[in-house]
Amino acid sequence: MGKKIYKSLPDMAKARNRVDLPVVKADEIAVPPRVAAFAQGRSYLIKTFGCQANVRDEEIMAGYLEKAGFCKANDEKSADLVIVNTCAVRENAEEKVYGEIGKFKANHLANRSFVMAVCGCMMQEEKMAEKVMATYPYVNLIFGTHNLPQLLNLLDEHLARKKDLVDVISYPGDIVENLPSIRLDPYKAFVNITYGCDKFCTYCIVPYTRGRERSRAKEEILAECKALVEEGYQEITLLGQNVNSYGKDFKDGTTFATILEEVAKLGIPRLRFMTSHPWDFDDAMLEVIGKYPNIMPFIHLPLQSGSDEILKKMGRRYSQADYLDLVRRIKEKIPGCALSTDIIVGFPNETEEDFQETLKVCEAVGYDSAFTFIYSPRKGTPAAAMVDGVSSEDKHRRFKELVSVIEKSVSAHALEMVGHTYRVLVDGPSKKNEAVLSGYTETNKLVHFQGPTYLKGHIVEVKITESHTYSLLGELCDDPLLYLAKDLSAKLHGEEASQRYFQALEAYRNDPSVAQARDALESAQRQFATSSKNGEDVSAKKKAYLEAKQHYENHPLVQNLQAAISDLKPLLEQVEAALK
Ligand code: SAH
Ligand code: SF4
Ligand code: F3S
């Protein structure tokens, strides 16, 4: 294909801007006719790198593509449209992306109408789009994290003009609602509550790639979560780079604790959130987490470093003492709460003493899990300009040492679980063995156990029999059929029709005039039945009986109950069919 068209390119200075206020828009999702025609009989594939923000973006892009008429590809080879959704957080994340784009040259060679697109955080870096376009001539579209709602229009322009397009804008970002979405999991859902980040930790690229920190309206979040509960979702994770900054931009007193509590009240069986920054973590959040059993006792609390000196240079705005105090408060208010973290080793000029402080915190906290990274300079961030005297050898040695300290507490927690029973949300058959199911405990521990596949998406009790560092083995408690029965009974109780029935039944049982009418009917029935044997006047007794019957049947509470029973019938038929 001929010339490339650069509609817009990223700019780190603009990406740093936090002045403009966010605009809230609703997308109308119009499918351009040319795109709809192209999508007929064609399939798409999205390859996502990076964090949950990118996973959620994949679901939204899939929403747009399926609205246009594309179907999901069965495999890489057959895909007619491929989107590589990139991450820029560390250099090794970027290297994987290059390999991935390279793979699809084969699709381009085999298929003349093949469309290759690259998007995500890495494309928000300066000079990156030009580099990708120059290295991979078969890339047709490059767009950034702010451009998802333009996906179909960009594709339309590419098809119309037969040109390769780059459209990556750097700006603080807006909030777009009414986004389409095809969720990747039928039981576990991610819901964005904030976008972007204003923390500007000195090592991190995210505030530049995703714009200003902005909160979605509470009503939008609640409506999305309510719909998920109604669809039978078992778990919601509220997403944001810093969920505890939620609501700060509204200036009306709404906080993360407010939205967490309101979502918990919707009755989702499991509620999680990610990520919480130690800096804004207040006691109101802890109160809410402690109060609702459906908020999972698991907190991801990135430490980054245990050294006050390094924390200051990172711009994290808490000290080792603040962090340890917060951990103490968490453990006090939420007994049994599991803690996980992110740690960076080898930040510019991290000394051996600084590193020892990190190990000290890890030992004191006893993490249940941790993501550990070697510092990776990100162009345009303040830390990348710092002179670094630490050798790569020292960084790697520290990394290994850190991993072994972390593994000690992770294994110890796993070992403590052996012999105890935990509630596990079943993901489905495990990756390695079809006959084995896997799922996660409330504290986010991976468990494998044998059981029937229909338990996928159910919360079951599993007794832990064996522990490994990163997973546990267990045995399913209870008869699986019992779970099915419990499920059906929950369905019955949850449906509006059965709720109406139970209400009508209660009113019927508690009303004295109904009791009177029923007693009168029973007595008239008895007298009518015995009158024929005793040779008494049958017709008078019959008349009295019919009157009592009519009086009873016309009672408004009796009529209510009858109506509720007929509404319930189709539901009972469904239950009967499920049991068969
Ligand atoms: N918003 C989240 C994390 C976003 S990035 C938070 O603040 O916790 C996920 C993790 O990547 C960070 O917690 C950090 O540990 C790591 N990370 C970010 N930038 C990095 C860099 N330049 N080098 C190495 N690790 C980095
Ligand atoms: Fe990056 Fe810090 Fe923002 Fe997390 S809080 S996304 S580490 S800048
Ligand atoms: Fe990566 Fe962007 Fe997430 S840089 S970690 S995908 S916000």
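Treat the numbers as computed from the prediction; the structure is a model and nothing was measured.

Thresholds, definitions, all that
Residues numbered from 1 in each chain as written. Chains lettered and ligands numbered in written order. Predicted model: local features only at pLDDT ≥ 70, side-chain atom pairs only at ≥ 80, totals over all residues. Heavy atoms only, no water. Near = heavy atom within 4 Å. Nonpolar A, V, L, I, M, F, W, Y, C, P; charged D, E, K, R; others polar. Domains from an automatic or database assignment. Helix = DSSP H or I, 4+ residues; strand = E, 2+ residues; numbered from the N terminus. Expected span 1.5 Å × (residues − 1). Buried < 20%, exposed > 50% of the residue type's maximum accessible area, 1.4 Å probe, protein only. Pairing = 2+ DSSP bridges. Contact = heavy atoms within 4.5 Å. Axes fitted to C-alpha atoms, helices over the stretch in contact; angles between N-to-C directions. Parallel < 35°, antiparallel > 145°, perpendicular 65-115°, else oblique. Left-handed = near helix turned anticlockwise from the far one by under 90°. Polar contact = N/O pair within 3.5 Å; in protein donor to acceptor, adjacent residues only side chain to side chain. 1 Å grid on protein atoms, 1.4 Å probe; cavity = no way out; pocket = protein on both sides within 12 Å on 5 of 7 lines; lining within 4 Å. Points joined across faces, edges and corners; volume = space filled by probe spheres on them. Phe/Tyr/Trp six-rings, centres within 6.5 Å; stacked < 30°, edge-to-face > 60°. Lys NZ or Arg CZ within 6 Å of the ring centre and 35° of its normal.

Asker: Explain the site of ligand 3 here, please?
Answerer: Around ligand 3, the surrounding shell consists of C51, N54, C87, A88, V89, C121, V206, R210 and Q241. Grouping the constituent residues of the shell around ligand 3 by class yields six nonpolar, two polar and one charged. Both domains that furnish three or more residues to the shell around ligand 3 are identified here as domain 1 (4-171) and domain 2 (176-402).

Asker: Honestly, helix α18 (residues 512-534) in this entry has me stumped. Any pointers?
Answerer: For an α-helix the count is 3.6 residues per turn, leaving residues at separations of three or four pointing the same way. Its 23 residues give α18 an end-to-end C-alpha distance of 32 Å, which sits within 8% of 33 Å, the value for a rise of 1.5 Å per residue. Turning to α18, its buried residues number three or more, namely V514, A517, L521, A524 and S531. Phi turns positive one or two residues past the end of α18, at G535, with a value near 70°.

Asker: I'm lost on the sheet that holds strand β1 (residues 4-8) in this one. Help?
Answerer: Strand pairing within a sheet occurs via backbone hydrogen bonds; the two strands may be parallel or antiparallel. Taking strand neighbours across the sheet as the criterion, the seven strands line up as β1-β8-β7-β6-β5-β3-β4 in an open arrangement whose pairing is parallel. The sheet is open, and its two edges are formed by β1 and β4 (71-72), each paired on a single side. Bridging between strand β3 (residues 43-48) and β4 involves two bridges; their strand directions are parallel. Within β4, the position partnered with Y44 by the bridge is K72. Here helix α3 (residues 52-68) sits on the sheet and contacts β3, β4, β5 (81-86), β6 (115-120) and β7 (141-143); the angle it forms with β3, its principal contact strand, is near 170°. Docked against the sheet, helix α4 (residues 91-103) engages β3, β5 and β6, running at close to 175° with respect to β5.

Asker: Before we go on, may I ask you to explain the packing of α18 against helix α19 (residues 538-553) in this structure?
Answerer: Any two packed helices are characterised by how steeply their axes cross, that is the angle between the axes, and by the distance between the axes. For the pair α18 and α19, interaxial distance at closest approach is 8 Å and the crossing angle is 160°. Between α18 and α19, the angle is such that the two are roughly antiparallel. Where α18 crosses over α19, the handedness of that crossing is left-handed. Counted together, V514, A517, R518, A520, L521, A524, Q525, Q527, F528, S531 and S532 of α18 and V538, K541, K542, A544, Y545, A548, K549, H551 and Y552 of α19 form the full contact between these two elements.

Asker: How do you make sense of the side chain of D174 when you look at a structure like this?
Answerer: With respect to the element layout, D174 can be found in the loop between β8 (164-167) and β9 (175-177). A polar side-chain atom of D174 sits 3.1 Å from the main-chain amide nitrogen of V23. In this structure the side chain of D174 is engaged in a polar contact, spanning 2.8 Å, whose partner is the side chain of Y171. With residues near it in sequence (within four places) discarded, D174 still touches P22, V23, K25, R212 and R214.

Asker: Sorry, what's going on with the pairing of strand β21 (residues 459-467) here?
Answerer: Note on strand geometry: in a regular strand, side chains alternate between the two faces of the sheet. With five bridges connecting them, strand β18 (residues 421-429) and β21 associate as antiparallel partners. The residue bridging T421 from the neighbouring strand is K463, located in β21. One ladder, built from five bridges, connects β21 with strand β22 (residues 472-476); its direction is antiparallel. Paired with V462 across the two strands is L476, which belongs to β22. In this structure, the hairpin formed by β21 and β22 is closed by a connection of four residues.

Asker: Hey, could you run me through the domain arrangement of the chain in this one?
Answerer: Often, the extent of an interface is quoted as the loss of accessible area on bringing the components together. Taken as a whole, the chain is organised into domain 1 (4-171), domain 2 (176-402), domain 3 (421-481) and domain 4 (495-579). If you average the C-alpha positions of domain 1 and of domain 3, the two centres end up 37 Å apart.

Asker: So what exactly am I meant to see when it comes to the environment of D167 here?
Answerer: You can see D167 is positioned in strand β8. Residue classification places D167 among the buried positions, given a relative accessible area of 11%. Along the chain, D167 and Y6 lie 161 residues apart, while their C-alpha atoms are 6.5 Å from each other. When residues no more than four places from it in sequence are discounted, the contact partners of D167 are K7, S8, I142, F143, G144, N147 and L154.

Asker: Hey, could you run me through the layout of surface pockets in this one?
Answerer: The rolling of a water-molecule-sized probe over the atoms marks out the regions of remaining empty space. Looking at the second largest pocket, its volume works out to about 960 Å³. What lines the second largest pocket is a set of 25 residues, among which G232, Q234, P269, D487 and A490 lie closest to the centre. Residue assignment for the lining of the second largest pocket shows that the elements contributing at least two residues are α9 (218-230), β21 and α16 (480-494). Here the lining of the second largest pocket gets seven residues from one element, more than from any other, and that element is α16. Its residues placed into classes, the lining of the second largest pocket shows ten nonpolar, six polar and nine charged. No fewer than three residues from each of domain 2 (176-402) and domain 3 (421-481) sit in the lining of the second largest pocket.

Asker: What should I look at first to understand the packing of aromatic side chains in this one?
Answerer: One pair of aromatic rings is described through two measures. These are the centre distance and the angle between the planes. Evaluation of the coordinates by the stated rule reveals ten aromatic pairs. For the pair Y318 and Y323, a centre-to-centre distance of 6.0 Å together with 35° between the ring planes defines the contact as tilted. Each member of the pair Y318 and Y323 is classed as buried. Looking at R90, its charged tip hangs above the ring of F373, at a distance of 3.7 Å from the centre.

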